[in-house]
Each structure stands twice: as structure tokens, then as C-alpha cells.
Amino acid sequence: MSTKHSKAAEAYQQQPDVVERHDNTFFGVRQKRDRMAQMLPEWEDLRNAASQIKKHTVTHLADYLEQFEQQATSNGVHVHWAKDAEEYNRIVYDILSSHGVKKVVKSKSMLTEECHLNENLEAKGIEVVETDLGERILQLMKLAPSHIVMPALHVHREDIGKCFREKGLMDNPTLSGYAAKPADENDPTFLTYVARMHLRQQFMEADAGMTGANFGIAATGDIVVCTNEGNADMSTAIPKLHIVSMGIEKLIPDYASMAVFQRLLARNGTGQETTVYTSHFRGPRPGGEMHIVLVDNGRSDILGNEEHWQTLKCMRCGACMNTCPVYRRSAGYSYTYFIPGPIGVNLGMLRDPKKYSDNVSACTLCCSCDNVCPVKVDLSSQVYRWRQQLDSLGKADPMKKTMSRGMSLLFNHPKLYTGALRLSPIVNWVPGFVIQSGLNPWAYGHQMMRFPKKSFHELWKEEKV
Amino acid sequence: MKIGLFVPCYVDALYPEVGVSTWRLLRSLGLDVDYPERQTCCGQPMGNAGFEHMAEPLARQFDELFAPYDYVVAPSASCAAYVRCFHPNLMKERTCEAAGKTMDIVEFLHDVVKVDSLPAHFPHKVSVHNSCHGVRELGLSSPSERNVPRYNKIIDLLKLVDGIEVVEPERPDECCGFGGMFAVEEKAVSRRMGMDKVRRHMATGAEYVTGPDSSCLMHMQGIAEKEQLPIKFIHVAQILSAGL
């Protein structure tokens, strides 16, 4: 009885210290988030409001999208519509190639991960440089994000230093401006300086800047991007061409709604009152061009899915990962979908249920994610519902099915059940070597339970209760 | 007020003393309790494993069996929560009466009987295990994730016991990693979660871990015994009825 997730998670347990560090790091973020939540007396009201606004927006999505397009167009922005990843990649490539772009700097965007934009552009000879520090580290290491908000938090500074040395970042002549080179080249402040000098060069050389969008505001046509490093601003301040990639569910009606989300996003995601930069983009810079690509890629199908439409309310704060006891102890790469944790389990199933069903096991149904979610997505209930689908998808575990059938037989026949109760103490006599063999997954971590001589049923019959 | 006692399948088979304690506790409070013998299981193990349709007849059977009672009381928060939160969906053709009247022993004593004294004596230090479904489905305590007034019904009741010292571990309502078939399907993460939880309970210096779910206690006990860790496990109903 296992899944790709459970096997990867088991392999991850071979380094208990790494597990402990990962668990403590992300539980620390959860605790910072709790402190922020406790500081706002209106916290639960904000969650309710955010949930209602998102529900309202996604159920009136067509109207808001048209309003957004109209506003953005009147602001001088070119608006494009992409029905899927393929069309999206083509639109972005066409814009870039028609401007003769050789190098793109981009701020963090999970949508571009979803559509494999970087690989597509690089295959066509356009260099893509991630400018979010974590994303850049991963790009240099040729690794995928392990978390949607803190993508490289699992990478240790020694490995970052090694990577920077190997990729030549330490040889940058502008590093001589650093007051005193530290004895330890893996010193975090020094590493950050190395990254800054490296990225500065990239910003100067780029022909185009790309950003994602945390929010799109229908009433004004604005795009709002939240970063801690100011890299969205740097990516758009130097190149004349700015391309925004935005999933259609990122839309909210107006700035009154924005005020609600602004109070929730950073507090809930990273435990900060606000991100260091909240950048608003309304139109192209003088002499420049701004494009917004609105991407569907399966989102309107989700909208029609009665059991799972609520995932469209998600604003990708990552809090469900930070609180998930399974994510914290199995880490991002144990999941087969590029978004891990509770929201990733569900989004993966919506993307392709047969391909990503291995992640559905990664949940104890503890419901902690439901309680941290700032927009009240019913994450654990959705996992429960996906499990009900596995059998019809041909993905049910045969042993679980057999066990469930056996239980069903017993529990539906009270006489059989009480008969089995009388026999259950026999299990106590099964030799230890059989119990401890690999055939018994319970014995992997547990001492076997001992059945009492008599069940409650029997004691009741004998009037010994 | 007629009460139907529900002793869930695994408590019946493995922890009959928990059922006995619950029965004695309810009787000692002068309540009219009965134990309908044809009861088996609420269906949660099959539902959580992904075979909810196998739980459907059990939900109907449960509803009919407990129809004569005003309340159904169980010494298992998770099973009570399954009846309350999931049975209505399993019985779409008619209203599930059991959902509204099924309670865990802790919330029943706290909210319905409103006990303010108990004769129990238990001179030990205990660490409270706030199990997930108790916290987040039944509301036995305020979830640590939420900005709501802090309360804990389990601790309120335990404080009525003479001689007891009650503590909570760090991360007071983090999952212990049982999760039904999760414990076998995701055995490595499950074991790690259980180890972490047992260690945090032990760090309080408690002699016992207590809680409203024998399933979580069974998981942690299995791990503690395998690792030969010196900590004991006891259901909260056994403490509340100590000396009866």
C-alpha cells in the first residue's frame, strides 16, 4: 500500500535532521502568521469578506473580465486572451520576437511554471532570467520550486554559495565594491550582495520585463504585484516592454476589495504585515509598451465543477503548505504536481486526475488548512471527495479496497461483527516475526496492539459493564 | 432524556474499558442510558479511504438504530464528527436525524449536562491531546489557527478532577499522524508525525497523555511502545470516571 508521494516521503525520512529543519522552518512561518492573525480583531471577518468577494467575482467572471479588458485597453495596454498553455506560450513568444527580444527578466509567477514558459522560450533562443532571489537560485541549480511563496527555503546557504561559485557569480568584478569580503563566503548577507550585483547586470541587459499578477482590478484595469525584493519594479523599470501573465481567477472587482486582500495576503502567507513592495501597474511607461495575457488553461472548467470550484478563490498565499503537517515533513518534491501541499493536491487532480492521483494520500484530514485559508477554500473536504473518485479512475489502492470491503461486510452484518469480536484476541497469538514482517505496514512504526479478552459487546452481554 | 451509547467498532474491540467508563460516567450522573446492541461502525474508515458508498448503508443503519434516543453519545470525537458532518451527505434521500443529536462524551458533559463537579480522583500530571476532528469539526477547543476566544472543553472537565495536573504540549493541536489508513499508506510520515507528537507530550513532564479519541492514543501508544518511551495513554472518560 503506497503511492509515489508516500515512497518519496519515506525516502525523505532517511535524513531526520533535514526533516526537522524543514518542519521547524515552515512551522515558524505558521507561527508568525498566527501572531499576525491574533493582532487583528477583525481577522475572521476579513476571511469571510475575502471568501465572499472571491465567490462573487468568480461567479460573475465574464462580466468582470470584459470590464477589466475595457479599462486596461483604455489605459493603453494591449490585452490578449489565451485559452490554454500552448496559446499562452505562443502569444508571449510572438510579442517578444516581434520586438527582437534576446533576454527577458521576470519576477515570480506560478502561472509561467504551470505553462512551462521558460523552457518554451529558451528552446526558441530567448534567455529568461528569474529575478526573485529564491527563483534565481533554483534556476541556476536547475531545480523546481519546492513551495509557491518561499520556493528555495529548503536550500541551505552552503549549497547556494557553491552554486554561485560554480556559475561564476563570485567572479563578478563589481563585487569589489563590497566593504570587506567575509571570511565565510556563504555568509547570507554576502550571498545576497553577490546575487544583487549579478541581477543588476541582468536588469541592465534585458530587452523585456515580465511579471505575474497577484491581483487584477476590474474597475481600473490595474495589475497589482506583491514582492519583497522590489524585483517586479526593477524588471519593468529598465526594459521598455512589460508583459503581464495573469490567470483569469486573479480578478477582483475594485480597490475596496483590494483593501481586504492587502490586509490578508502577506499576514497569512509569510507573517508580514505587508509585503515590502506592493506595485501597481496601470499602463505602459512613456515610450514603452505593456501587454496583459489573460490565461484560462482549465480555469473555466473548474468553475463548472460543483465539488471543486472553490479552488478558484485561492490567492496562492502558501499558508496551507506551512500548516500542513504532511507537507512540512515530506517537503515539496515528494508531490508529483508542481504545486505541493493541500492546494496543490487539489489543483493537480483538477489538472489531470489520472496523472496526479498519487498526491491524494498526502493528507490526514486534520483540517488545519481549512482554518488558515484566508479565502476559506474547503481544502480537506475536497481531498476527501477526490478519494471517492479514485476507484472510478482506476486508481484505488487494491489493498485499501479489500480492507474496506472486509470492513463493510462485517459492519453491515451485526452478527458477523460480534462473531469477529469474539475471535479477535486470536491476533494476540500471531507470532511476532509474522507481525513484524514487511507484510504488516502497521508494524513498520508501531508495536502491535493487544486485543483484550473480551470486547465491550461481550462484557455487555455478560452484564459485566 | 434518553441517551443511546455508541461504542465505536475499534473501541469495542480494543478498548472496552473506555466504553465501560463512559457507561458508568453517564449512569453516575443519573442519566437514562441504553446500549443498542446491533451497533457496529459509523463508516468513517471506508469513507476516508475513498469508499464512501460502502459507508452509506451504515449511516442509514445508524440513524434507524438510534432513532428512539434524544442523544447519541460516543467516547470518540472523530466518530461523532463523522456522523455529524458526513452522514447527512450519505443519506441524501431523507434527513439524517442522528447528525443533530450525536455528540462526543466531552461536549455532551460540558454543553448538555453542564457538569460542575465530579467525584473523580486522579493524582497525576496529564498532557491533553487535542485531536483534529475534536478541535476542528466538533469545536472541543478553539483551533490555534483561528482568531476566536480561547477555550478548551476537555481541560474544563479535567479540572473538575481531584488531584490532577493538566498541561498541553507545544503545538497543542497539531495532528499526531494517525488519519485512519493514512497510518499504513503513508507509514513513514505517519510515524514521524507520531514521534514528534509523543516527544512534545513527553516534554511537558506528564505521566499520561489523555484525549477524546482512542484512535490517536492507539497510534501514539504503538509508536511509544515500539520506541520504548516511558509515557502512558488513557482516554479522558477513564480519568473523569476514575474511582466510580
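From a predicted model like this one, the values you see are computed outputs, not experimental measurements.

S.K.: I'm lost on the overall build of chain A in this one. Help?
M.R.: Within chain A, the regular secondary structure consists of 23 helices and ten strands. Along the first, second and third principal axes, the C-alpha atoms of chain A reach 90 × 60 × 45 Å. The proportion of buried residues among the 465 residues of chain A is 45%. Across chain A, every contact between residues at least 6 apart in sequence was considered, and the portion connecting residues at least 24 apart equals 76%.

S.K.: Could you clarify how one ought to interpret the overall build of chain B in this entry?
M.R.: What chain B contains, in helices and strands, is 14 helices and eight strands. Radius of gyration (C-alpha) of chain B: 17 Å, near the 18 Å computed for a compact globule of 244 residues. Dimensions of chain B, computed from C-alpha atoms along their principal axes, come out at roughly 50 × 45 × 40 Å. Counting only residues that meet the buried cut, chain B has 62% of its 244 residues in that class. Once local pairs closer than 6 in sequence are excluded, the contacts in chain B between residues at least 24 apart make up 77%.

S.K.: Looking at this model, I keep getting lost on the nonpolar core. Mind explaining?
M.R.: Side chains of a nonpolar character, in soluble globular proteins, are inclined to be buried together. Val293(A), Val73(B) and Ile239(B) are the most contacted members of the largest nonpolar core, which totals 187 residues. Every residue in contact with Ile239(B), bar those within four places of it in the chain, is listed here: Ala120(B), Phe122(B), Val126(B), Leu158(B), Val161(B), Thr210(B) and Ile234(B). With ten residues, the next largest nonpolar core counts Leu133(A), Ala152(A), Ile160(A) and Val194(A) among its residues.

S.K.: What exactly am I supposed to notice about the interface of chain B and chain A here?
M.R.: Note: interface size is frequently given as the accessible area lost on complex formation between the parts. Every contact between the two is made by 58 residues of chain B and, on the other side, 62 residues of chain A. Secondary-structure elements contributing two or more residues to the side of chain B that touches chain A are α1 (9-14), α2 (16-28), α3 (44-49), α4 (52-65), α9 (132-136), α11 (182-185), α12 (187-203) and α13 (214-226) of chain B. A per-element tally of the side of chain B that touches chain A places α12(B) first, with eight residues. Classifying every residue of the side of chain B that touches chain A by side-chain character gives 31 nonpolar, eleven polar and 16 charged.

S.K.: Where do I start with the sheet that holds strand β3 (residues 127-130) of chain A in this structure?
M.R.: In sheet architecture, strand pairing relies on hydrogen bonds along the backbone and comes in two forms, parallel and antiparallel. Residues and elements named next belong to chain A. Spatial strand order, β1-β10-β7-β4-β2-β3: six strands in an open sheet with parallel pairing. Edge strands, defined here as strands with exactly one partner in the open sheet, are β1 (78-82) and β3. Between one strand and the next, the sheet's axes are offset by a mean angle of 25 degrees, whatever the strand orientation. Summarising the sheet, β1 and strand β10 (residues 289-295) pair through five bridges and their orientation is parallel.

S.K.: What am I meant to see in the packing of α12(B) against α13(B) here?
M.R.: Packed helices, taken two at a time, are described by the angle between their axes plus the distance between the axes. Residue and element names in this part refer to chain B. Contact geometry of α12 with α13 gives a least axis separation of 9 Å together with a crossing angle of 85 degrees. By the angle between their axes, α12 is roughly perpendicular relative to α13. Residues Arg-191, Gly-194, Met-195, Lys-197 and Val-198 of α12 touch α13, and the partners they reach there are His-219, Met-220, Ile-223 and Ala-224. Each residue belonging to the contact of α12 with α13 can be placed in one class, and the counts come to five nonpolar, two polar and two charged.

S.K.: Before we go on, may I ask you to explain the domain arrangement of chain A in this structure?
M.R.: You can read the domains of chain A as domain 1 (4-30 + 307-389), domain 2 (40-297) and domain 3 (412-461). For domain 1 of chain A versus domain 3 of chain A, the separation of C-alpha centres amounts to 33 Å.

S.K.: Help me understand the sheet that holds strand β8 (residues 251-252) of chain A, please; the structure alone is not making it clear to me.
M.R.: All names here are of chain A. Across the sheet, which stays open at both edges, the four strands sit in the order β8-β5-β6-β9 with mixed pairing between neighbours. Both outer strands of the open sheet, β8 and β9 (277-281), are each paired with one neighbouring strand and no more. In the sheet, strand β6 (residues 222-227) pairs with β9 via five bridges, with the strands oriented antiparallel. Bridge assignment links Thr-227 to a residue of β9, and that residue is Tyr-277.

S.K.: Whenever I open this one, the packing of helix α16 (residues 341-351) of chain A against helix α18 (residues 379-389) of chain A confuses me. Can you help?
M.R.: Residues and elements named next belong to chain A. Where α16 contacts α18, the two axes come as close as 9 Å, and the packing angle between them is 40 degrees. As the angle between them shows, α16 and α18 are arranged oblique. Seen from above, α16 lies across α18 with left-handed handedness. Where α16 abuts α18, its residues Pro-342, Ile-343, Val-345, Asn-346 and Met-349 lie against Leu-379, Gln-382, Val-383 and Trp-386. Considered class by class, the residues forming the contact of α16 with α18 number seven nonpolar, two polar and no charged.

S.K.: Even after reading the chapter, I still don't get unusual backbone geometry, so can you show me in this structure?
M.R.: Glycine aside, residues mostly have negative phi, and peptide bonds are mostly found in the trans state. All names here are of chain A. The phi angle at Ala-331 is positive, at roughly 65 degrees, despite the residue not being glycine. For Ala-331, the position within the fold is in the loop between α15 (325-330) and α16. The phi dihedral of Cys-367 falls on the positive side, at around 70 degrees, and the residue is not glycine.

Scoring rules and cut-offs
- Residues numbered from 1 in each chain as written.
- Chains lettered and ligands numbered in written order.
- Predicted model: local features only at pLDDT ≥ 70, side-chain atom pairs only at ≥ 80, totals over all residues.
- Helix = DSSP H or I, 4+ residues; strand = E, 2+ residues; numbered from the N terminus.
- Buried ≥ 20, exposed ≤ 12 C-beta atoms within 10 Å, placed from the backbone.
- Contact = placed C-beta atoms within 7 Å.
- Rg over C-alpha atoms; globule rule 2.2 N^0.38 Å.
- Core = buried A, V, L, I, M, F, W, Y, C linked by C-beta atoms within 7 Å.
- Nonpolar A, V, L, I, M, F, W, Y, C, P; charged D, E, K, R; others polar.
- Pairing = 2+ DSSP bridges.
- Axes fitted to C-alpha atoms, helices over the stretch in contact; angles between N-to-C directions.
- Parallel < 35°, antiparallel > 145°, perpendicular 65-115°, else oblique.
- Domains from an automatic or database assignment.
- Left-handed = near helix turned anticlockwise from the far one by under 90°.

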